[in-house]
Amino acid sequence: MRDLPKSFKSVATGAALKAGDYIKRNVGKNLSVRYKGEINVVTHVDRAAERIIVNAIKKSFPGHAILAEENDYARVRSDYTWIIDPLDGTTNFLHGFPFFCVSVALFKKGKPLVGVVYDPERGELFTSARGGGAYLNRKKISVSKVRGLKKAMLVTGFAYNIKISRNNNIENFARFLKASQAVRRAGSAALDLCYVACGRFDGFWELYLNPWDTAAGALILEEAGGKITKFDGSPFTVYDKELLASNSKLHSKMISILR
Ligand code: IPD
Ligand code: CA
Ligand code: CA
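Residues numbered from 1 in each chain as written. Chains lettered and ligands numbered in written order. Predicted model: local features only at pLDDT ≥ 70, side-chain atom pairs only at ≥ 80, totals over all residues. Heavy atoms only, no water.

Trainee: Describe the overall build of the chain, and please don't skip the residues or the numbers.
Mentor: Counting its secondary structure elements, the chain contains seven helices and 14 strands. The C-alpha radius of gyration computed for the chain amounts to 17 Å, which stays within 12% of the reference 18 Å derived for 259 residues, consistent with globular compactness. Projected onto its principal axes, the C-alpha positions of the chain cover 50 × 45 × 35 Å. Looking at the chain as a whole, 54% of its 259 residues are labelled buried. Averaging the coordinates of the 40 positive side-chain charges in the chain and doing the same for the 24 negative ones gives two points 5 Å apart. (Helix = DSSP H or I, 4+ residues; strand = E, 2+ residues; numbered from the N terminus. Rg over C-alpha atoms; globule rule 2.2 N^0.38 Å. Buried < 20%, exposed > 50% of the residue type's maximum accessible area, 1.4 Å probe, protein only. Lys, Arg positive; Asp, Glu negative; His and termini not counted. Charge placed at Lys NZ, Arg CZ, Asp CG, Glu CD.)

Okay, here's the thing in structure tokens:
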């Protein structure tokens, strides 16, 4: 997109880096933990990281709307909405399993403009601006070339409602395990999307994700040449409750397994 102000991407990047560095400093420290559900936790680090990001955005763009995981922000009428997951992979973070990230996206009238995902443990910064490609630490990235499921490494996740929902993804998981080379459950949807974007994974599917889990990663994946839809191949929006992402070559094969 030609008219995209550089400051959008640099504010998103600055906020994600600052929050990620804060999260990294708190790895292994005593955490104050609250349960949002039986297995769904939030720590004081999630909330403080969100404050860091929201303050940075409000400072530069006070008129923009904000949709973030841990707090409701006053509804502002604006064409611009920032969609924020301050810590994606909280369960991993809580257990000291080093796979979590910060995810910051900017949407204009429902369309993604900017997506930034930062993994502070590896110092990996994934960025994209609509029409400008996708980057990992400033190097252009693209999806894998794998065409067959037997050579594919896939990733999925299971929602916090797994114990009560019939639509719990376990059958899909079993089918993909048998059809592919390997399936991982890594625990951060935003990073899962970025890993498909840079070719480490070849495909990803999940149910019941929220807009903040996917807003930045979906743009990064598309800008890297990947495809993202619902399970039946129809168009995906970040408000949908099913997501199928792939290197595009595997897409129809993955759709046929999900049927
Ligand atoms: C979770 C992660 C996980 C996915 C869950 C999400 P959170 O986000 O993205 O990979 O399986 O459905 O809720 O709670 O760690 O921000
Ligand atoms: Ca999340
Ligand atoms: Ca989160």
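Trainee: Lay out the coordination of the calcium ion (ligand 3) in plain terms, naming residues and giving numbers.
Mentor: Protein coordination of the calcium ion (ligand 3) is provided by E69 (OE), D85 (OD) and L87 (O), with donor distances spanning 2.2 to 2.4 Å. Written as a sequence motif, the donor residues of the calcium ion (ligand 3) are E-x15-D-x1-L. The two metals, the calcium ion (ligand 3) and the calcium ion (ligand 2), are separated by 3.7 Å and share D85 as a common coordinating residue. Here the residue E69 occupies a position in the loop between β3 (65-68) and β4 (80-88), and L87 occupies one in strand β4, the gap between them amounting to 18 residues. The exposure class assigned to L87 is buried, which follows from its relative accessible area of 1%. (Donors = N, O, S within 2.8 Å, 3.2 Å for Na, K, Ca; no water.)

Trainee: Outline the packing of helix α1 (residues 6-25) against helix α2 (residues 44-60), supporting the account with residue identities and numerical values.
Mentor: Two numbers describe how α1 lies on α2: the axes approach to 9 Å, and their chain directions differ by 155 degrees. As summarised for this structure, α1 and α2 are arranged roughly antiparallel, according to the angle between their axes. For the pair α1 and α2, the sense of crossing is right-handed. Facing V11, A15, K18, A19, Y22 and I23 of α1, the residues of α2 in contact are H44, V45, A48, A49, I52, I53, A56, I57 and S60. (Axes fitted to C-alpha atoms, helices over the stretch in contact; angles between N-to-C directions. Parallel < 35°, antiparallel > 145°, perpendicular 65-115°, else oblique. Left-handed = near helix turned anticlockwise from the far one by under 90°. Contact = heavy atoms within 4.5 Å.)

Trainee: Hey, could you go over the site of ligand 1 for me, with residue numbers and the actual values?
Mentor: Around ligand 1 sit 16 residues, and of these D88, G89, T90, Y160 and E206 come closest. In this structure, an oxygen atom belonging to ligand 1 sits 2.7 Å away from a side-chain N or O atom of D88. One of the backbone nitrogen or oxygen atoms of T90 is found 2.8 Å away from an oxygen atom of ligand 1. About the coverage of ligand 1: the protein hides 96% of its 370 Å² of free accessible area. The element that contributes the greatest number of residues to the shell around ligand 1 is β4, accounting for three residues. Residue composition of the shell around ligand 1, grouped by class: five nonpolar, five polar and six charged. Summarising the domain contributions, the shell around ligand 1 has at least three residues from each of domain 1 (6-140) and domain 2 (149-258). (Near = heavy atom within 4 Å. Polar contact = N/O pair within 3.5 Å; in protein donor to acceptor, adjacent residues only side chain to side chain. Areas by Shrake-Rupley, 256 points an atom, 1.4 Å probe, with all protein chains shown as cover. Nonpolar A, V, L, I, M, F, W, Y, C, P; charged D, E, K, R; others polar. Domains from an automatic or database assignment.)

Trainee: Explain the environment of L136 to me, and be specific about the residues and the numbers.
Mentor: You can see L136 is positioned in strand β8 (residues 134-136). In this structure, the C-alpha to C-alpha distance between L136 and A174, residues 38 residues apart in sequence, is 32 Å. Residues contacting L136, with those up to four places away along its chain left out, are E124, L125, F126, I141 and R200.

Trainee: Just give me the short version of the coordination of the calcium ion (ligand 2), but keep the residues and values in it.
Mentor: For a metal bound by four donors in a tetrahedral arrangement, the ideal donor-metal-donor angle is 109.5 degrees, while six donors in an octahedral arrangement ideally sit at 90 or 180 degrees. Protein-derived coordination of the calcium ion (ligand 2) comes from D85 (OD), D88 (OD) and D213 (OD), at a distance range of 2.1 to 2.2 Å. Considered as a linear motif, the donors of the calcium ion (ligand 2) on their single chain read D-x2-D-x124-D.

Trainee: So what about the sheet that holds strand β6 (residues 111-119)? Which residues, and what values?
Mentor: Pairing is mixed across the open sheet formed by seven strands, whose spatial order is β3-β4-β5-β6-β7-β8-β9. Only two strands of the sheet have a single neighbouring strand rather than two, namely β3 and β9 (139-140). In terms of strand pairing, β6 meets strand β7 (residues 124-129) through six bridges, oriented antiparallel. Opposite G115, over in β7, you have S128 as the bridge partner. On top of the sheet, helix α5 (residues 189-197) reaches β4, β5 (101-108), β6 and β7; it is set at about 100 degrees to β6, its chief contact. In this fold helix α6 (residues 211-223) packs onto β3, β4, β5, β6, β7 and β8, with an angle of close to 100 degrees to the strand it touches most, β6. (Pairing = 2+ DSSP bridges.)

Trainee: Run through the domain arrangement of the chain, naming residues and quoting values.
Mentor: By a widespread convention, an interface's size corresponds to the accessible area lost as its parts come together. According to the domain assignment, the chain contains domain 1 (6-140) and domain 2 (149-258). Here the C-alpha centre of domain 2 lies 20 Å away from the C-alpha centre of domain 1. Between domain 1 and domain 2, roughly 2500 Å² of surface is buried when both sides are summed, and carbon and sulfur atoms account for 67% of that area. Counting across the interface, domain 1 meets domain 2 through one salt bridge. Remark: the boundary between domain 1 and domain 2 carries eight residue pairs in polar contact (both at pLDDT 80 or more). Of all elements in the fold, only β3, β4, α3 (90-95), β5, β6, β7 and β8 reach the threshold of two or more residues within the side of domain 1 that touches domain 2. Counting residues per element, the side of domain 1 that touches domain 2 draws most heavily on β6, which supplies seven residues. Tallied by class, the residues present in the side of domain 1 that touches domain 2 amount to 21 nonpolar, 11 polar and eight charged. (Buried area = accessible area lost by both parts, 1.4 Å probe. Salt bridge = Lys/Arg side-chain N within 4 Å of Asp/Glu carboxyl O.)

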